[in-house]
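Spelled out from the first residue to the last, the chains are:
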2 protein chains.
Amino acid sequence: MGERQEVKLLGTWYSPVVARAKIALRLKSVDYDYFEEDLVKSELLLKSNPVHKKVPVLIHNNKPILESLNIVEYIDETWNASGPSILPSHPHDRSQARFWSAFVDDKWFPTLIATTITKSENAKAKGMDEVGEGLLLLEDAFISISKGKRFFGGEVIGFMDICLGSFLVILKAREKLNGENILDKSKTPSLCKWANEFLADDTVKNVVPEIDRVVKFMREFN
Amino acid sequence: MGERQEVKLLGTWYSPVVARAKIALRLKSVDYDYFEEDLVKSELLLKSNPVHKKVPVLIHNNKPILESLNIVEYIDETWNASGPSILPSHPHDRSQARFWSAFVDDKWFPTLIATTITKSENAKAKGMDEVGEGLLLLEDAFISISKGKRFFGGEVIGFMDICLGSFLVILKAREKLNGENILDKSKTPSLCKWANEFLADDTVKNVVPEIDRVVKFMREFN
């Protein structure tokens, strides 16, 4: 794209959904200015996202784009000539990536968060069972979609990798904080291997926060 | 597409999200076999959508595609040479269509449904206030996106029209059943005009259920 690009990203350092935008921008080699936001006080955030008041917000040539996966699709479509394609090219593969991403965002991750918040041991145990069942479904999905390659997206990180992978730092931090074993090698071996590949990838490790820093941050809330 | 196409749609007649798939298939002039499903007993449904066990399911050449808006995108991408484009072509317009569709599906419609289910008059009143505030946001979004044209999609029905419009029959049925006035001409005049245009459109009126039939169906649940 020949025209002058002004790209801003509003985020908070610990947010996994902000990491999604950072990973996508890096995959497409897009230069941008990053603004660490105070979620309570930021006027720029309120002005850019008056409906949900949430990060991330991508501002491209003064136009705000909202919601993390929506931002990832926008980045993929806008800088389509740069870097790898984030969504697969075939409509059926795209629909699978979108389906499993919705499963992660609407069902799996909210259940995991609910087990952190609840005070009831019963509800926590039931929730963790559901989280484990979700991981088994995701293990099967990974095997079926990746077809022996490193990522959901094949040999490079794609849409579903970004979606699920963005939560790995929080998952690992929680495992460390509570001595839990959420991603279990004996139950979901392919997903465990994928998680290590994802976190070790150059694109990812330079933009996601360090696990120990997140552990410290989570400890302050406990 | 030259190859032989086998397209099946699993649905239930009263489901607004099934209507989305029907509208998209009609916009693209796709022939398909429709299967009215028993949500409790259908083996085809269980086999095609083991994760959520929900309709609609589109089965294209034996491959299932799940989740209504995902199905609409799939139809748009697969039959891209046939009929109007359902999603806008510019990435920013696409991101707006996706953002407002997510607002409708994740926030506005669930709030409306919650006001039907709750027994608390307080919760109902609070929920209906939120539904009204959501409609004011959608009125502004319509004015900004449609730019004086008939639909969110311009002169033809697009992604956001299908998303929000699919709920109009239920909305009108509930207004009739309870003597309510949810879509209020004095508050959201542009949205009211849009709603009439949408329901009168040939593509829509031939595939959505009659309001009176839905009223009768809802009465059985009261």
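The name an unreviewed UniProt entry gives chain A is Glutathione S-transferase, with Brassica napus as the organism. In its Function (unreviewed entry) section, the UniProt record describing chain A reads: "Is involved in the conjugation of reduced glutathione to a wide number of exogenous and endogenous hydrophobic electrophiles." In its Subcellular location (unreviewed entry) section, UniProt records this for chain A: "Cytoplasm, Cytosol".

Asker: Honestly, the UniProt feature "domain: GST C-terminal" (unreviewed entry) in chain A in this entry has me stumped. Any pointers?
Answerer: Residues annotated by UniProt as "domain: GST C-terminal" (unreviewed entry) correspond here to residues 90–221 of chain A. Strand forms 0% of residues 90–221 of chain A and helix 74%; the C-alpha atoms that close the span are 43 Å apart.

Asker: What is the right way to look at the interface of chain B and chain A in this model?
Answerer: How big an interface is tends to be stated in terms of the accessible area lost upon association of its parts. The interface is formed by 22 residues belonging to chain B together with 22 residues belonging to chain A. Together chain B and chain A conceal approximately 2100 Å² of surface at their shared face, both sides included; 62% is due to carbon and sulfur atoms. Among the residues of chain B in contact with chain A, Val51(B), His92(B) and Phe99(B) are the three that bury the most area, contributing 27% of the side total. On the surface where chain B and chain A come into contact, there are six salt bridges. Linking chain B with chain A are ten residue pairs in polar contact (both at pLDDT 80 or more). Broken down by element, the residue count for the side of chain B that touches chain A peaks at nine residues, all from helix 4 (residues 91–117) of chain B. Looking at the side of chain B that touches chain A, its residues break down into ten nonpolar, five polar and seven charged.

Asker: Help me out: how do you make sense of unusual backbone geometry in this one?
Answerer: For residues that are not glycine, phi is negative in most cases, and the peptide bond is trans in most cases. Between Val55(A) and the following residue, Pro56(A), the backbone shows a cis peptide bond with an omega angle of 0°. Of note, Asn61(A) is a non-glycine position whose phi angle comes to about 45°, a positive value. As for its position among the elements, Asn61(A) is in the loop between strand 3 (57–60) and strand 4 (63–66). Asn61(A) gets classed as partly exposed once you look at its relative accessible area, which sits at 29%. Even without a glycine there, the phi angle at Asn62(B) is positive, about 70°. Mapped onto the elements of the fold, Asn62(B) is located in the loop between strand 3 (57–60) and strand 4 (63–66). Residue Asn62(B) is classed as exposed on the basis of its relative accessible area of 62%.

Asker: Looking at this structure, how should I read the packing of helix 1 (residues 16–27) of chain A against helix 3 (residues 68–78) of chain A?
Answerer: Each packed pair of helices is defined by two parameters, the angle between the axes and the distance between the axes. Residues and elements named next belong to chain A. It is at 9 Å that the axes of helix 1 and helix 3 come closest, and there the two elements cross at 5°. With respect to helix 3, the axis of helix 1 lies roughly parallel. Residue-level inspection shows Val17, Arg20, Ala21, Ala24 and Leu25 of helix 1 in contact with helix 3, the latter providing Ser68, Leu69, Ile71, Val72 and Ile75. Residue classes in the contact of helix 1 with helix 3 are distributed as eight nonpolar, one polar and one charged.

Asker: Help me understand empty space enclosed by the protein, please; the structure alone is not making it clear to me.
Answerer: The gaps of empty space that remain are located by a probe, the size of a water molecule, rolled over the atoms. Within the structure shown, the criterion is met by four cavities of 30 Å³ or more. Estimates place the volume of the largest cavity at around 60 Å³. Lining the largest cavity are Trp108(B), Leu135(B), Leu164(B), Phe167(B), Leu168(B), Leu171(B), Leu183(B), Leu191(B) and Trp194(B). Looking at the lining of the largest cavity, the elements with two or more residues in it are helix 7 (168–178) and helix 8 (189–200) of chain B. Within the lining of the largest cavity, the residues separate by chemical class into nine nonpolar, no polar and no charged. Lining the second largest cavity, in full, are Tyr14(A), Ser15(A), Pro16(A), Ala19(A), Ser166(A), Val169(A), Ile170(A), Val208(A), Pro209(A) and Val214(A). If you list the elements that add at least two residues to the lining of the second largest cavity, you get helix 1 and helix 7 (168–178) of chain A. Across the lining of the second largest cavity, the residue classes break down as eight nonpolar, two polar and no charged. Among the domains, domain 1 (7–78) and domain 2 (91–221) of chain A are the pair contributing at least three residues each to the lining of the second largest cavity.

Procedures and definitions
Residues numbered from 1 in each chain as written. Chains lettered and ligands numbered in written order. Predicted model: local features only at pLDDT ≥ 70, side-chain atom pairs only at ≥ 80, totals over all residues. Heavy atoms only, no water. UniProt positions renumbered as here; feature names shortened; annotations may be inferred. Helix = DSSP H or I, 4+ residues; strand = E, 2+ residues; numbered from the N terminus. Contact = heavy atoms within 4.5 Å. Buried area = accessible area lost by both parts, 1.4 Å probe. Salt bridge = Lys/Arg side-chain N within 4 Å of Asp/Glu carboxyl O. Polar contact = N/O pair within 3.5 Å; in protein donor to acceptor, adjacent residues only side chain to side chain. Nonpolar A, V, L, I, M, F, W, Y, C, P; charged D, E, K, R; others polar. Buried < 20%, exposed > 50% of the residue type's maximum accessible area, 1.4 Å probe, protein only. Axes fitted to C-alpha atoms, helices over the stretch in contact; angles between N-to-C directions. Parallel < 35°, antiparallel > 145°, perpendicular 65-115°, else oblique. 1 Å grid on protein atoms, 1.4 Å probe; cavity = no way out; pocket = protein on both sides within 12 Å on 5 of 7 lines; lining within 4 Å. Points joined across faces, edges and corners; volume = space filled by probe spheres on them. Domains from an automatic or database assignment.

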